[in-house]
Amino acid sequence: MIRASLTAVFLVLLLSCACWAKPNGSKNKKPKQVVPAIECDVRAGKINVSEFIVKCPAHCKETKQQVYGTGVFASISSICNAAIHSGVITNSGGKVIVRKMAGQNIYKGSNSNGVRSLSLPKWRESFTVSVGKPKKGVNYPSTLDYVPSRPTYVKTSQKEDKSVTTALPATAAPEPTTVTPEPTTTTTTTTAAPTTTIPPPPPSTTRARAAAHKVRDAGSSHPYLAHVAASRQSQSGHGKSPSQVFRGSSYPSRFPQRASAGLRRPEAGSAIRRQPSSPVGPAPRSTDSDGSHKVPLDTTHTKVEPVDAWKPEANLYESGFSMREQDPVPRVPEPVSQGDPNCKVDLAFLMDGSWSIGKRRFKIQKDFLAEVAQTINVGVAGPMMGIIQYGDDPVTEISLKSYSNSRELKSAVDKIMQKGGLSNVGKALSYINKQYFSDANGNRGGAPNVAVVLVDGWPTDKVEEASRLARESGINIFFVTIEGPDDNEKQNLVEVNFVDKAVCRTNGFYSLPVNSWFALRKAVQPLVKRVCDTDRLVCSKTCLNANDIAFVIDGSSSVGTGNFRTVLQFVANVTREFEISDTDTRVGAVQYTYEQRLEFAFGQYNNKGELLNAIKRINYWSGGTSTGAAITYAAEQLFSKSKPNKRKIMIVITDGRSYDDVRAPALAVHRQGVIAYSIGIAWAAQDELEYIATDPDKEHSFFVDEFDNLYKFVPKIIHNICQEFNSQPRN
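Structure report, in brief. (Residues numbered from 1 in each chain as written. Predicted model: local features only at pLDDT ≥ 70, side-chain atom pairs only at ≥ 80, totals over all residues. Heavy atoms only, no water.)

## So, the overall build of the protein
In terms of regular secondary structure, the protein is built from 18 helices and 23 strands. A total of 731 residues make up the protein; the buried ones form 46% of that total. Residue pairs at least 24 apart in sequence account for 79% of intrachain contacts in the protein once pairs closer than 6 positions are excluded. Just so you have it, the protein exposes about 36200 Å², and 53% of that area is on carbon and sulfur atoms. (Helix = DSSP H or I, 4+ residues; strand = E, 2+ residues; numbered from the N terminus. Buried < 20%, exposed > 50% of the residue type's maximum accessible area, 1.4 Å probe, protein only. Contact = heavy atoms within 4.5 Å. Areas by Shrake-Rupley, 256 points an atom, 1.4 Å probe, with all protein chains shown as cover.)

## Focus on helix α6 (residues 358-376)
In this model, α6 (19 residues) spans 27 Å end to end at C-alpha, consistent with the 27 Å of a helix rising 1.5 Å per residue. Of the residues making up α6, those classed as buried are Phe-362, Ile-364, Gln-365, Lys-366, Phe-368, Leu-369, Ala-370, Val-372, Ala-373 and Ile-376. Along its buried surface, α6 packs onto β12 (346-352), β13 (384-390), α7 (406-414), β15 (449-456) and α11 (524-531). Immediately downstream of α6, the backbone of Asn-377 shows phi near 60°, a positive value. (Expected span 1.5 Å × (residues − 1).)

## Some points on the sheet that holds strand β20 (residues 596-600)
Read from one edge to the other, the open sheet built from six strands follows the order β20-β19-β18-β21-β22-β23, with strand pairing classed as mixed. Both outer strands of the open sheet, β20 and β23 (701-704), are each paired with one neighbouring strand and no more. The average angle at which neighbouring strand axes cross in this sheet is 20°, direction not considered. Where strand β21 (residues 647-654) lies against strand β22 (residues 675-681), six bridges are found, and the strand directions are parallel. Bridge pairing in β22 places Ile-653 opposite Ile-679. (Pairing = 2+ DSSP bridges. Axes fitted to C-alpha atoms, helices over the stretch in contact; angles between N-to-C directions.)

## Some details on unusual backbone geometry
Put simply, Asp-695 and Pro-696 share a cis peptide bond, and its omega is -5°. Here Lys-64, not a glycine, exhibits a phi torsion of approximately 60°, which is positive. Summarising the element assignment, Lys-64 is placed in the loop between β1 (51-56) and β2 (69-70). On the basis of relative accessible area, Lys-64 is assigned to the exposed category, the value being 67%. In the Ramachandran plot, Ala-682 falls in the positive-phi region, its phi being about 55° despite a non-glycine side chain. Tracing the backbone through its elements, the reader meets Ala-682 in the loop between β22 and α16 (686-692). By relative accessible area, which is 24% here, Ala-682 ends up partly exposed.

## As for the sheet that holds strand β16 (residues 475-482)
Spatially, β14-β13-β12-β15-β16-β17 is the arrangement adopted by the six strands of the open sheet, whose pairing is mixed. The sheet is open, and its two borders are formed by β14 (394-398) and β17 (511-514), each paired with just one other strand. Between one strand axis and the next, the sheet turns by 20° as a mean value, whatever way the strands run. For β16 and β17, the ladder comprises four bridges, and the chain directions are parallel. The partner of Thr-481 across the bridge, within β17, is Pro-513.

## A short note on the side chain of Gln-591
Note on placement: Gln-591 falls in strand β19 (residues 586-592). Looking at Gln-591, the relative accessible area reads 0%, which means it is buried. Among the polar contacts made by the side chain of Gln-591, one reaches the side chain of Glu-599 at a distance of 2.9 Å. Aside from chain neighbours lying at most four places away, what touches Gln-591 is Ile-553, Gly-555, Phe-564, Gln-596, Arg-597, Glu-599, Ile-618, Asn-619, Tyr-620 and Trp-621. (Polar contact = N/O pair within 3.5 Å; in protein donor to acceptor, adjacent residues only side chain to side chain.)

## Topic: α11
Owing to its 3.6 residues per turn, the α-helix brings residues three or four apart onto one side. Among the residues making up α11, those that are buried are Val-524, Leu-527, Val-528 and Val-531. Along α11, the residues classed as buried sweep out an arc of 100° about the axis, all on the same side. The exposed residues of α11 that point more than 90 degrees off its buried face are Gln-525 and Lys-529. (Arc of directions from axis to C-beta.)

## Quick notes on the side chain of Ser-112
Tracing the chain through its elements places Ser-112 in strand β5 (residues 111-112). From its side chain, Ser-112 meets the backbone oxygen of His-85 in a polar contact 2.9 Å long. A distance of 3.3 Å separates polar atoms of two side chains, one belonging to Ser-112 and the other to Asn-113.

## What to know about the nonpolar core
Ranked by internal contacts, the top residues of the largest apolar core, which has 70 residues, are Phe-349, Phe-368, Ile-432 and Phe-479. Ranked by residue count, the leading element in this core is α6, at eight residues. Ignoring anything within four residues of it in the chain, the contact list for Ile-432 reads Leu-350, Ile-388, Phe-437, Ala-451 and Ile-475. (Core = buried A, V, L, I, M, F, W, Y, C linked by side-chain atoms within 4.5 Å.)

## What about the packing of helix α8 (residues 425-436) against helix α9 (residues 464-472)?
In contact at an axis separation of 8 Å, α8 and α9 are set at 20° when each is read in the N-to-C sense. When the axes of α8 and α9 are compared, the pair comes out roughly parallel. Once α8 is placed against α9, the crossing between them reads as left-handed. In contact with Gly-426, Leu-429, Ser-430 and Asn-433 of α8, α9 contributes Ala-466, Ser-467, Leu-469 and Ala-470. In terms of residue class, the contact of α8 with α9 is made up of four nonpolar, four polar and no charged. (Parallel < 35°, antiparallel > 145°, perpendicular 65-115°, else oblique. Left-handed = near helix turned anticlockwise from the far one by under 90°. Nonpolar A, V, L, I, M, F, W, Y, C, P; charged D, E, K, R; others polar.)

## Things to note about the pairing of β19
Of all the seven residues making up β19, seven are buried; the element is thus mostly covered by neighbouring parts of the structure. By the alternation rule, side chains of β19 split into Arg-586, Gly-588, Val-590 and Tyr-592 and Val-587, Ala-589 and Gln-591, which are all buried. Two elements, strand β18 (residues 547-554) and β19, share seven bridges in a ladder whose sense is parallel. Note on β19: the bridge partner recorded for Val-552 is Val-590. Of the pairings in the sheet, the one linking β19 to β20 comprises four bridges and is antiparallel in character. Residue pairing for β20: Val-590 is matched across the bridge by Leu-598. From the end of β19 to the start of β20, which pair antiparallel, there are three residues.

Shown next, in the form of structure tokens:
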């Protein structure tokens, strides 16, 4: 008997534990982040969320969906192709975090990771992409709220029997309807109702979700919804010009208030949140004075809080709500700093992490960098700053696109740990030239590249060759030497006068010696002033200092001595517009008849005055006209020796039809990356000029009736060369 009683008591206790354990255990489960999948053609502007995570499919690169900008993209860009362009994902797809921000006045096009982005002068909203690894404590939406594509709106003057959806202002009183309350778990869902033309449902079955969607669409100040609304007004016969479409839209109001579907919106600071004793079920209906039916709030069992303010610490099981995975409220992102527009540079600091400086001086170096970050006012429309630490080998600590404001950058600098090793500055300079200043790493293209080398004493490797290659790539190199070598220590140097061999120019502007580590802080203001003086950053790569230009000049008998001098004057006028040196633009010239002659090679004259004199000294040859052979000769004698970081440009000047074929030689140089211009005079054949010229022909092929009119095309050629340069990626 006793045994039976004990068994019964044990079973009762076991069942009680099982009943209590189930809900308690389920409370501790964390909801798994659901990543919504999108298609390759989805644009950031079509998603009405400020920050979200998505999964891109494979093979988006092949879809050729358009991308506008570099690093920061216009919101009409494809999310997935923007992520491939930035190096966040590959063509096999993956997760991407998208963060929206204010629009910009210019978006620079570039070519990166097989995706060609286009330039755009201005757009009202931008976004950035980052690796799709959710940040700790951040809840991203599990479903996406899309901006309606083509919802139909009806003027209030239209008849009621029109079978279309009518847009109601947010303040308009609803028509008398019988509202069927939905379960609590779905009253705030953001699943968009269809916006196509449908017959109006009977009043007794009108669901609150559609009304909420219409009110949110009509009353939102989100830039894209404002654009849609303005477009509809234009289509309705208001006759607004395209420039008025965006009028009234404002970026700060990007997050529209969601209207409650079946309940009257409570006052600010209120929401429906059930206590444990409150059952979940439909509430009795009441009729308001305006005739509409509303669900009353049960004030005896409810607590009033903001509907949209989901609190992580709130226990959803005790509150009577189930976990809503469709629409977590997006976290408002921290405003993106625009930065100082008068200091728009891509700035990389090479910090010394060698063992020779010790921990204390390494900390002084970090404090210096943090103060520079604060002083320079980092932002997407101003300077962007990154850091490479070098020792035996360089390593990226902070990329150019990592942080868009000074506060976050300062915090990141404080976390950098010393690497140790030697002071291999040469290796570090090679690294920034080949890898760091890249589109994938945040290089914007339209901003000068600046590298500031901080070195304790002197480098332990040679810097001359690496510095020269970096300068030729358009990098402005500054040196800050702390406690540099004295006269007795110079015998220990690996390379004498290493600063003068490394910096952009040896005029003192690019070098900043500091006598003591404890005086380094005093160098902050002078250094910031120099790197922000973009007019003096003469090593920046431009359309005037980054070319190898070959002139292929017709010296046939039909030209004549006088006209030949006119051609040489034209060549000199074009050359005069460029910056001439061994690291800037180089010029070579070939004269041809039946045969060819190299007048001077690339780099033979590295001074503009000497080069212009060399052009003047070219002697007229006279003979036949073999233009095709001359093009092949220029490719072999000049472009085969062209530097890899130079743009190869060929300008062919001829006055007649060639005796040989020009198509095959022209096609060969085009395939080598040569940009070919053809200038025909008098009896030149138009079809041959077009074969020689790079596409499009109208931008690269010119014809004049007389030699004396050649001078008219000098500005046009310079303009085209610079326009093409500015439309291409910097690296």
